[in-house]
Amino acid sequence: MADDSAHLTDAITSYDGIFKGIHDQEVRNDFHNVRNLLSSGKWDAGKNLLLEALNKSSAQPLDKKCLTLIMSEFRRYEKNKIPPGTQTANVISWEHVVDRHLERMNEPTCDLPQSVFFLYVGISGLSKLRRLVGRKILSDKWIAGKIPELHCSLVTADMVLGLFCDERITENEVQVNYYPLNNSEKLRLFADIMEGDSSNVEIICPFPLLRESTRKELCSPAKGWRVDDSYDAMLSCGEERIRQYTIQFLDSVTMTAGRLYDPACSTGVFLSTLKKAFPESHTIGQDLSQQMADFSKQRVDEVYYGNAMFPKIQTGTADVCFVRFLNSEVVTSAEAEVLLAALLPTVREKGFIVTFGHTPVLLSSSNFRRLPNFSLIQSVGVSTDKAGIFQYYIIQRDV
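Here is what the cut-offs are and how they apply
Residues numbered from 1 in each chain as written. Predicted model: local features only at pLDDT ≥ 70, side-chain atom pairs only at ≥ 80, totals over all residues. Heavy atoms only, no water. Pairing = 2+ DSSP bridges. Helix = DSSP H or I, 4+ residues; strand = E, 2+ residues; numbered from the N terminus. Axes fitted to C-alpha atoms, helices over the stretch in contact; angles between N-to-C directions. Contact = heavy atoms within 4.5 Å. Buried < 20%, exposed > 50% of the residue type's maximum accessible area, 1.4 Å probe, protein only. Polar contact = N/O pair within 3.5 Å; in protein donor to acceptor, adjacent residues only side chain to side chain. Core = buried A, V, L, I, M, F, W, Y, C linked by side-chain atoms within 4.5 Å. Phe/Tyr/Trp six-rings, centres within 6.5 Å; stacked < 30°, edge-to-face > 60°. Lys NZ or Arg CZ within 6 Å of the ring centre and 35° of its normal. Right-handed = clockwise from strand over helix to strand, strands pointing away. Parallel < 35°, antiparallel > 145°, perpendicular 65-115°, else oblique. Left-handed = near helix turned anticlockwise from the far one by under 90°. Nonpolar A, V, L, I, M, F, W, Y, C, P; charged D, E, K, R; others polar. Expected span 1.5 Å × (residues − 1).

Under an unreviewed UniProt entry, the name given to the protein chain is Methyltransferase domain-containing protein, and the organism recorded is Mizuhopecten yessoensis.

What follows is the structure, given as structure tokens:
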């Protein structure tokens, strides 16, 4: 059974966005048991208990709304998860795909619009990219009881819906029309990405989550988050695949003894993992939260407290700057561009800025391509376990 720390923490006091929890104590206990059942592989029992909890939540409108959304995510997972043993198509006939009847996805702007994504893929023999549309489903790590967020950074074949046709944004929802792919075609698409050149692939999450009361983007508290041991463990689990891929990247560019800077270092787990892999590296962390900065001192070589808008390291002294916070529910889209600009001077000539996150990145390749004196190297990473892909932008400062 999974560690209960993924279910219970006093650090999360708001359950907006992808952090889903319950306020009523009795219903919260039921939801905790739902998660325990799921992490033990008892899907049907967990779903039935969730239905019971939903029926109990009538007196608490916020809890009822939350559980209703989670139940809809259960059903989406059951509908879209590709069954084991499904055969992979030999090829995808795009001409046949566009002859199919159009389908539509509707996503309320105050539910999980940040989980709608466009997948741009270069097709062999064509000069232009194909745009596919997808919607994330329950994360394997949420089901395993390791993280509190319903969705994570990983995009898999199960999440692809089909070939994009058009989109419309109304007052209340995002609407996307698409030509559906079947499961065999989805597997073929991802097999080509995994086995081929992923440099012409990009995941864009264009629709930010809005607060229902204000219609403004949801973001983190002004002074950052509080952290406890349980929350620390959750943050660590959520980035496992990204950390593994980062080690692989640093090794590929022989950056084993570099100065590695993280201007939003959180609890320091990310940098400490790199330090263990590359003992000769020097890790430098900074965080908006004094508590986070203090927490990370036990793991990072050099730690500063302060806003990433004002980097504490000298200009041009970092070999790699890891930008892990220009993400949905952390900052706003407008802030993301400003913060990126503030961090560009931190890296030396031929140094790298790497942007990713556990929640969707609020920027796209066009933001990085517009930067003077930097070249875009890639936009996605392929997980080392070949489970899927995730946003992973690498830019390099020119000489």
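In this structure, what is going on with the sheet that holds strand E4 (residues 160-169)? I would like to understand it.
Note on sheets: strands pair through backbone hydrogen bonds, and any given pair is parallel or antiparallel. One open sheet holds the six strands; their spatial order is E1-E5-E4-E3-E2-E6, and the pairing between them is antiparallel. Unpaired on one side and paired on the other, strand E1 (103-108) and strand E6 (201-204) mark the two borders of the sheet. Taking each pair of neighbouring strands and ignoring which way they run, the sheet shows an average axis angle of 40°. One ladder, built from three bridges, connects strand E3 (residues 129-135) with E4; its direction is antiparallel. Note on E4: the bridge partner recorded for Gly134 is Val160. Sheet strands touched by helix H6 (residues 183-195): strand E2 (116-122), E3, E4 and E6. Its angle to E2, the strand with the most contacts, is close to 60°.

So what exactly am I meant to see when it comes to the sheet that holds strand E7 (residues 259-262) here?
Reading across the sheet, the seven strands line up as E9-E8-E7-E10-E11-E13-E12 and stay open at both edges, with mixed pairing between neighbours. The sheet terminates laterally at strand E9 (302-305) and strand E12 (374-382), the two strands that pair on one side only. Averaged over all pairs of adjacent strands, the angle between their axes in this sheet comes to 20°, without regard to strand direction. Pairing analysis gives seven bridges linking E12 to strand E13 (residues 389-397), with the strands arranged antiparallel. Following the sheet pairing, Val382 is matched in E13 by Ile389.

For this particular structure, what's the right way to read the side chain of Asp262?
If you trace the backbone, Asp262 turns up in strand E7. Since its relative accessible area comes to 0%, Asp262 is described here as buried. At 3.1 Å, the side chain of Asp262 forms a polar contact with the backbone nitrogen of Ala264. One polar contact links the side chain of Asp262 to the main-chain amide nitrogen of Cys265, over a distance of 3.5 Å. Setting aside chain neighbours within four positions, we find Asp262 in contact with Phe270, Leu271, Ile284, Gly285, Gln286, Phe322 and Arg324.

Is there a simple way to think about the nonpolar core in this case?
Note that soluble globular proteins tend to have their nonpolar side chains buried in a common cluster. Core analysis: the largest hydrophobic core is formed by 74 residues, its most contacted members being Phe74, Leu119, Trp142 and Ile389. In contact with Ile389, not counting residues within four places along its chain, are Leu119, Ser153, Leu154, Val155, Phe190, Ile193, Met194, Val201, Ile203, Gly381 and Val382. Grouped together as the second largest cluster of nonpolar side chains are 39 residues, Tyr178, Cys321, Val347 and Val361 included.

How should I be thinking about the packing of aromatic side chains in this particular structure?
How two aromatic rings sit relative to each other is set out by the distance from centre to centre and by the angle between their planes. Throughout the structure, instances matching the rule amount to 13 aromatic pairs. Here a set of aromatic residues connected by ring pairs shows up, and it is made of Tyr245, Phe270, Phe322, Phe356, Phe390 and Tyr392. The cationic tip of Arg131 hangs over the ring face of Phe164; the distance from NZ or CZ to the ring centre is 3.6 Å.

In this structure, what is going on with the pairing of E7? I would like to understand it.
Consecutive side chains along a regular strand alternate between the two faces of the sheet. Relative to strand E8 (residues 282-287), E7 is paired through four bridges, and the arrangement is parallel. Looking across to E8, one finds that Leu260 is bridged to Thr283. Tracing the backbone out of E7, into helix H9 (residues 269-277) and back to the parallel element E8 gives a crossover that is right-handed. Where E7 meets strand E10 (residues 318-323), two bridges bridge the pair, whose relative direction is parallel. The partner of Tyr261 across the bridge, within E10, is Cys321.

Please clarify how the packing of helix H1 (residues 25-39) against helix H2 (residues 43-56) should be interpreted in this entry.
The relative placement of two packed helices is expressed as an angle between their axes plus a distance between the axes. At a closest axis distance of 8 Å, the pairing of H1 and H2 adopts a crossing angle of 170°. With respect to H2, the element H1 is oriented roughly antiparallel. You can see that H1 and H2 cross each other, and the crossing is left-handed. The segment H1 lies against H2, with Glu26, Val27, Asp30, Phe31, Asn33, Val34, Leu37 and Leu38 engaging Trp43, Ala45, Gly46, Leu49, Leu50, Ala53 and Lys56. Residue composition of the contact of H1 with H2, by class: 10 nonpolar, two polar and three charged.

What is the right way to look at the pairing of E2 in this model?
Counted residue by residue, E2 has seven buried out of seven residues, so it is predominantly covered. Because side chains alternate across E2, one face comprises the buried residues Val116, Phe118, Tyr120 and Gly122, and the other comprises Phe117, Leu119 and Val121, equally buried. Both E2 and E3 contribute to a ladder of seven bridges, which runs antiparallel. Within E3, the residue paired with Leu119 across the bridge is Leu132. Sheet topology note: the E2/E6 ladder contains four bridges and is antiparallel.

Honestly, helix H3 (residues 61-80) in this entry has me stumped. Any pointers?
Because the α-helix completes a turn every 3.6 residues, residues three or four places apart line up on one side. In this model H3 runs 28 Å from its N-terminal to its C-terminal C-alpha over 20 residues, within 8% of the 28 Å that 1.5 Å per residue would give. Against the buried residues of H3 lie H1, H2, E3, helix H5 (140-143) and E4.

Mind showing me how you'd approach the environment of Leu119 here?
Mapped onto the elements of the fold, Leu119 is located in strand E2. Along the backbone, Leu119 and Ile204 are 85 residues apart, and their C-alpha atoms lie at a distance of 6.5 Å. Discounting residues that sit within four places of it in the chain, Leu119 has contacts with Arg130, Arg131, Leu132, Val160, Leu189, Phe190, Ile193, Val201, Glu202, Ile203 and Ile389.

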